[in-house]
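Chain and residue survey
One letter stands for each residue in the lines below.
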Amino acid sequence: MTARHDVAVVGGGPAGAAFAVELARAGRDVVLVEREGGPHDKVCGEFLSGEALGYLAALGVDVGALGAVPVEIVRVSHGSVSAQRALPFRAASLSRRRLDEALLARAAGAGVAVLRGSAVRDLRQVLGGWSARLENGTELIAREAALATGKHDLRGRRRPPGRQNDLIGLKAHFRLRPSATAELARAVEIGLFEGGYAGLELVEDGIANLCLVVRAETFAGHGREWASLLAAVMAAAPRLGELLKGASPRHERPLAVARIPYGLVRPDAEDGLWRLGDQAAVIPSFAGEGMSIALHSARLAALTMLGGADSQTFQRRLAADVTRQVGLATLLSQALMLSVAQTAGAAVARVFPATLAAVAAATRIRPSAILLQAD
Ligand SMILES: Cc1cc2nc3c(=O)[nH]c(=O)nc-3n(C[C@H](O)[C@H](O)[C@H](O)COP(=O)(O)OP(=O)(O)OC[C@H]3O[C@@H](n4cnc5c(N)ncnc54)[C@H](O)[C@@H]3O)c2cc1C
């Protein structure tokens, strides 16, 4: 079976779904392929920065109605040292299971043909456009194609390494004790441990999301056992440990993602593909900016395509918008790993909230690059 469209979007995370919505609203015939057949969890801190909230609102996604909770304070702890600070921007948290479904529903509502439950296995250039072959045998032909597969690389289209490549991301949802739930309200609690850092925050329905990044060799030192790693995290950051004490896990095992190319920014698009979100740029997780970059890339790509310019123009402009923030966040991420490894974790915990607040402005997308006013 072969179907023809103006644009084929591979991947239905925030980047792919938002891009598809923008194009469909402008009258383009768009098909989007998402390999997951229904709501699914993702490795993510589930923290939405102000920029992400702005882009989501412009797409018509009401995160408050979906159950998002505000985040106003960041607390950091290591050993007996703990420090906190108010976030210098508005923020909220919402599970990716709920957010990504809402975005895909938005896309379908805007007229996008959303195909779910079958992955794109092959994407190649053909005369006059692109051919995407799905694992169920369907072939899609489109004049333009966007790659928005996030953390997953298509066969033959693996992203180059970033500048910090030795970290693994893990995530699990918990139901905390009522007193711990109350204590965590409106805060993100970060714990530093040797080989990584962990963040805990509430999402909708009183569920807490624990997301952490850990050096691959540290995880190997725990025999790649979640229980052993979690016990070490709770011991190194007792505040986090206290909040998690007696918590009931919502998953049997955590979700994991390896070989994250932190610091990667694609400088151009020599093959004509529109690379969105994590396929274009990967910012270290503590910045809480991955989704806002994904949504920014979607908006910028849509405006560029609708304006008649090519993917090369888009990719260069995106790189200009995000290179500085991704670079700075990657330097900080490297410094953070080094200082905790050198047992300066307590000192880092003391200055981290203030540093985070100070660098927050520098690791946001430049306000002049935010594209909401074009609506
Ligand atoms: C540990 C960790 C913590 C993070 N915490 C935060 C945070 O708190 N806040 C924040 O803003 N960002 C955070 N991020 C970053 C954020 O998760 C990503 O930047 C964001 O999800 C990128 O969106 P995307 O649409 O590019 O990709 P994704 O969200 O990964 O979506 C890609 C989609 O493509 C689909 N797909 C993959 N392959 C195929 C295929 N072959 N065919 C069809 N579909 C396919 C997948 O199923 C998926 O739905 C974190 C990342 C990590 C690793």
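Small disclaimer: the values here were computed from a predicted structure and weren't measured. Residue indices follow the written sequence of each chain, beginning from 1 at its first position. Per-residue local features are limited, in this predicted model, to residues with pLDDT of at least 70; the limit for side-chain atom pairs, both in listing and counting, is 80 or more; totals at the level of whole chains, interfaces and linings are taken over all residues. Processing note: side-chain calculations cover all non-hydrogen atoms of the structure and skip hydrogens and water entirely.

With that settled, the discussion passes to the pairing of strand β1 (residues 2–10). A pair of strands is considered paired only if DSSP assigns at least 2 bridges between the two. Only runs of H or I of at least four residues qualify as helices and only runs of E of at least two qualify as strands under DSSP, and these elements are numbered from the N terminus. Sheet topology note: the β1/strand β11 (residues 139–147) ladder contains eight bridges and is parallel. By the bridge assignment, histidine 5 is partnered in β11 with alanine 142. Of the strand pairs in this sheet, β1 and strand β2 (residues 30–34) are connected by four bridges, and their pairing is parallel. Each residue of the ladder has a partner; that of valine 10, found in β2, is valine 33. When the strands point away from the viewer, a crossover counts as right-handed if the route from the first strand across the helix to the second turns clockwise. The β-α-β motif built from β1, the intervening helix α1 (residues 14–25) and the parallel element β2 has right-handed crossover chirality.

What follows covers the UniProt feature "domain: FAD-binding" (unreviewed entry) in the protein. UniProt positions are given in the numbering used here, feature names are shortened, and annotations may be inferred rather than shown by experiment. With numbering aligned to this structure, UniProt lists the feature "domain: FAD-binding" (unreviewed entry) at residues 5–135. Span residues 5–135 is 27% helix and 35% strand, its end C-alpha atoms 19 Å apart.

Where a protein is soluble and globular, its nonpolar side chains tend to be buried together. In this text, buried Ala, Val, Leu, Ile, Met, Phe, Trp, Tyr and Cys residues form a nonpolar core when linked through side-chain atoms within 4.5 Å. The buried label applies to any residue whose accessible area, calculated with a 1.4 Å probe on protein chains only, is under 20% of its type's maximum; exposed applies above 50%, and partly exposed to all values in between. Phe19, Leu48, Val63 and Leu99 are the most contacted members of the largest nonpolar core, which has 78 residues in total. Discounting residues that sit within four places of it in the chain, leucine 48 has contacts with Leu53, Leu56, Val63, Arg90, Ala91, Ala92, Leu94, Leu99 and Met291. Counting residues in hydrophobic clusters, the runner-up holds 25 residues, among them Leu202, Leu229, Leu230 and Leu243. Residue contacts follow a heavy-atom distance rule, with two residues in contact if any of their heavy atoms lie within 4.5 Å.

Residues of helix α6 (residues 226–236) that are buried: Trp226, Leu229, Leu230 and Val233. Each buried residue of α6 lies within a common arc of 100° when the element is viewed along its axis, so the set occupies one face. Away from its buried face by more than 90 degrees, α6 exposes Ala227 and Ala235. Buried residues along α6 sit in contact with β12 (167–175), β13 (187–193), β14 (196–202), β15 (208–215), α5 (216–221) and α7 (238–244). Throughout, the arc means the angular range of directions from the helix axis out to the C-beta atoms.

Note on ring pairs: Phe, Tyr and Trp rings are taken, using the six-membered ring of Trp, and paired if centres are within 6.5 Å. Classes follow the plane angle, with under 30 degrees stacked, over 60 edge-to-face and the rest tilted. Applying the stated criterion across every chain, the model contains three aromatic pairs. Ring geometry for phenylalanine 47 against phenylalanine 89: centres 6.3 Å apart, planes inclined by 85°, an arrangement best described as edge-to-face. Pair noted here: phenylalanine 47 is in strand β3 (residues 47–48) and phenylalanine 89 is in the loop between β6 (81–86) and β7 (92–93), with a separation of 42 residues, a long-range link. Ring geometry for tyrosine 197 against phenylalanine 286: centres 6.1 Å apart, planes inclined by 80°, an arrangement best described as edge-to-face. One end of the pair, tyrosine 197, is in strand β14; the other, phenylalanine 286, is in the loop between β18 (274–275) and α8 (290–306), and 89 residues separate them in sequence. Each member of the pair, tyrosine 197 as well as phenylalanine 286, carries the same accessibility label: buried.

Among the six residues of strand β5 (residues 73–78), five are classified as buried, and the element is accordingly described as predominantly covered. Two strands pair when backbone bridges link them, and β5 and β6 are joined in this way by six bridges, in the antiparallel orientation. Across the sheet, residue isoleucine 73 finds its bridge partner in β6, namely alanine 86. Pairing between β5 and β13: five bridges, direction parallel. Counterpart to valine 76 in the pairing with β13 is isoleucine 190.

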